[in-house]
Amino acid sequence: MNDHPLHQIIKACDRAISAKDFDSLMEYYAEDAVLVVKPGTIVRGKNNIRSAFISISDYFQDRLIVKQGEMQIIEGGGDALVIMETQLFYPDEQGGTAELTRRATYVFRQENDRWLCTIDNSYGTSLLDGENT
């Protein structure tokens, strides 16, 4: 499903996160969006989401790289549910690079012919498991 516009939008978001270009990243979020920062911690609104991404980048010593794996897009009623593998690369305790793949869920809304993220949940359904990485 690489021909859906959301595929390219998510790729652009991944590049922006990896490049710490949070101004460009926020172009893809709705004003009323929510971000699951970690299980039990959700932030609302673009300004808070931007601040959260800066804190996440700081936590990973500005070396977080985000890529995408398998992706499914289910669209209906002006909304789209994106279920995908989010691949995270970050510094490990030995000075190398650790890799983690999550099965993420995202919701996008179409506004004025633009897709905007309204729910960003990189933890996906694993939120139901209790403890998460």
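Residues numbered from 1 in each chain as written. Predicted model: local features only at pLDDT ≥ 70, side-chain atom pairs only at ≥ 80, totals over all residues. Heavy atoms only, no water.

(A) Inspection of helix H3 (residues 46-59) at higher detail. In this model H3 runs 20 Å from its N-terminal to its C-terminal C-alpha over 14 residues, within 8% of the 20 Å that 1.5 Å per residue would give. Listed as buried for H3 are Lys46, Ile49, Ala52, Phe53, Ile56 and Ser57. Along the axis of H3, the buried positions cluster into a sector of 135°, meaning they face one direction only. Turned more than 90 degrees off the buried face of H3, the exposed positions are Asn47 and Tyr59. On its buried face, H3 is in contact with helix H1 (5-19), helix H2 (22-26), strand E1 (29-38), strand E2 (41-44) and strand E6 (114-121). Where H3 terminates, the next one or two residues include glutamine 61, which has phi positive at roughly 55°. (Helix = DSSP H or I, 4+ residues; strand = E, 2+ residues; numbered from the N terminus. Expected span 1.5 Å × (residues − 1). Buried < 20%, exposed > 50% of the residue type's maximum accessible area, 1.4 Å probe, protein only. Arc of directions from axis to C-beta. Contact = heavy atoms within 4.5 Å.)

(B) Region of interest: a nonpolar patch on the surface. A surface patch of nonpolar side chains, amounting to about 230 Å² of accessible area, comprises Ile74, Leu81 and Ile83. Note on placement: isoleucine 83 falls in strand E4 (residues 79-91). A relative accessible area of 37% places isoleucine 83 in the partly exposed class. (Patch = residues over 30% accessible without salt bridge, like charges linked within 9 Å, V, L, I, M, F, W, Y side chains within 5 Å. Areas by Shrake-Rupley, 256 points an atom, 1.4 Å probe, with all protein chains shown as cover. Salt bridge = Lys/Arg side-chain N within 4 Å of Asp/Glu carboxyl O.)

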